[in-house]
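# Structural features, examined
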Amino acid sequence: GGFHNGWDFTRHEVDHYLRAMDEAKVDWAEVGYRTIVRDGFAGALRYSEEAFIDALPPLHHTRLGLMVDAKDFAGRDDALLSLFPPADRSRVDLVRVAVRPKDLDLAIRQVGLLHDRGYLTTINLMAWASIPEVARHDLIVRLAKSQADVSYIADSYGSMHPTEVAAAVHTWRETLATLGLTIE
């Protein structure tokens, strides 16, 4: 919801959400976004600084994740690393790196840096429906060879129909099978 309200959630809303997730024994909660981009007003969850995360209520089951957009850190490995201390010093366990296909190498590099810091990592490949069929195999292979713990696609524009989702799953299964991997 942060893209729709400028990440301007009240502290009560955030705490209530996290306590509910924890009580329901939801494994993961993505609590915000982290960026160096400062353009206009945004609530605390746009930046999800470590001090903010540290002040969240204690959780017994639910683990915390954050999202970054790869393009925000293009050419700025130092900035990315400055925002993510070693994972054993953070309550954040997982970082989702969202990326457009043209910037996949950038995301793969960032995932490697975060993985080396001890974070679980995911690559969220956006705009799947806009990727030409001939390019999809190569992207899947590159994702599979990355250090990402999980890779997946997103229908960024809400334009994929069920048959297209089924075709995407089929493409992933076929491509991963050539690498000796499977979809879980």
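Remember, predicted model here, so these are calculated numbers, not experimental data. (Residues numbered from 1 in each chain as written. Predicted model: local features only at pLDDT ≥ 70, side-chain atom pairs only at ≥ 80, totals over all residues. Heavy atoms only, no water.)

### Observations concerning the overall build of the protein chain
Using the following cut-off: Numbering of helices and strands runs from the N terminus, with a helix taken as a DSSP run of H or I at least four residues long and a strand as a DSSP run of E at least two residues long. Just to be clear, the radius of gyration here is over C-alpha atoms, and the globule rule we use is 2.2 Å times residues to the power 0.38.
Secondary structure assignment for the protein chain yields seven helices and five strands. Overall, the protein chain shows an N-to-C arrangement of helices and strands of α-α-β-α-β-α-β-α-β-α-β-α. Since a compact globule built from 184 residues should have a radius of gyration of about 16 Å, the 17 Å found for the protein chain is in line with a globular shape. Expressed as lengths along the three principal axes of its C-alpha atoms, the size of the protein chain is roughly 45 × 35 × 35 Å.

### Brief notes about the packing of aromatic side chains
The test is simple: Each Phe, Tyr or Trp ring (for Trp, its six-membered ring) is paired with any other whose centre lies within 6.5 Å, and the angle between the two planes then decides the class: stacked below 30 degrees, edge-to-face above 60, tilted in between. Three exposure classes are used, based on accessible area relative to the maximum for each residue type with a 1.4 Å probe and protein chains only: buried under 20%, partly exposed in between, and exposed over 50%.
Tallying each qualifying case throughout the model produces three aromatic pairs. Ring centres 5.2 Å apart and planes at 35° place the aromatic pair Trp7 and Tyr33 in the tilted group. Of this pair, Trp7 sits in the loop between helix 1 (2-5) and helix 2 (11-23) while Tyr33 sits in strand 1 (residues 28-33), and the two are 26 residues apart along the sequence. Accessibility assignment for this pair places Trp7 and Tyr33 in one class, buried. Measuring from ring centre to ring centre gives 5.6 Å for Phe84 and Tyr119, while their planes differ by 85°; the resulting arrangement is edge-to-face. On the criterion of sequence distance, the pair formed by Phe84 in the loop between helix 4 (77-83) and strand 3 (92-99) and Tyr119 in the loop between helix 5 (104-116) and strand 4 (120-125) is long-range, its members being 35 residues apart.

### Examining the side chain of Thr62
Cut-off, in case you're wondering: Any pair of N or O atoms that falls within 3.5 Å is considered a polar contact. Within protein, one atom must be able to donate a hydrogen and the other to accept it, and sequence-neighbouring residues count only if both atoms are side-chain atoms. Here a residue-residue contact requires only that any non-hydrogen atoms of the pair lie within 4.5 Å.
Checked against the element boundaries, Thr62 lands in the loop between helix 3 (50-54) and strand 2 (63-69). Take Thr62: its relative accessible area is 6%, and that puts it in the buried class. One polar contact links the side chain of Thr62 to the main-chain carbonyl oxygen of Met21, over a distance of 3.3 Å. Apart from residues lying up to four places away in sequence, Thr62 is in contact with Met21, Asp22, Val26, Asp27, Trp28 and Ala29.

### Some points on unusual backbone geometry
Even without glycine at this site, Lys25 takes up a positive phi of about 60°. With respect to the helices and strands, Lys25 occurs in the loop between helix 2 and strand 1. By relative accessible area, which is 56% here, Lys25 ends up exposed. A positive phi angle, close to 40°, is found at Ser48, a residue other than glycine. Within the fold, Ser48 resides in the loop between strand 1 and helix 3. Overall, the relative accessible area of 0% leaves Ser48 in the buried class.

### A look at helix 2
Quick note on the threshold: Residue count minus one, scaled by 1.5 Å, sets the expected span of a helix. This arc corresponds to the set of directions leading from the helix axis out to the C-beta atoms.
The terminal C-alpha atoms of helix 2 lie 18 Å apart, and with 13 residues this matches the ideal 18 Å at 1.5 Å per residue to within 8%. Looking only at helix 2, the buried set comprises Val14, Asp15, Leu18 and Asp22. The buried residues of helix 2 occupy one face: seen down the axis, they fall within an arc of 95°. Residues of helix 2 that are exposed and point over 90 degrees away from its buried face: His12, His16 and Glu23. Packing partners of the buried residues in helix 2 comprise strand 1 and strand 2.

### Observations regarding the confidence of the model for the protein chain
Let me state the cut-off plainly: Per-residue confidence from the prediction method is given by pLDDT, with values spanning 0 to 100.
On average, residues of the protein chain score 93 in pLDDT, and 100% of them reach the 70 mark or higher. When mean pLDDT is compared element by element in the protein chain, strand 3 scores highest at 98, while helix 1 scores lowest at 78.

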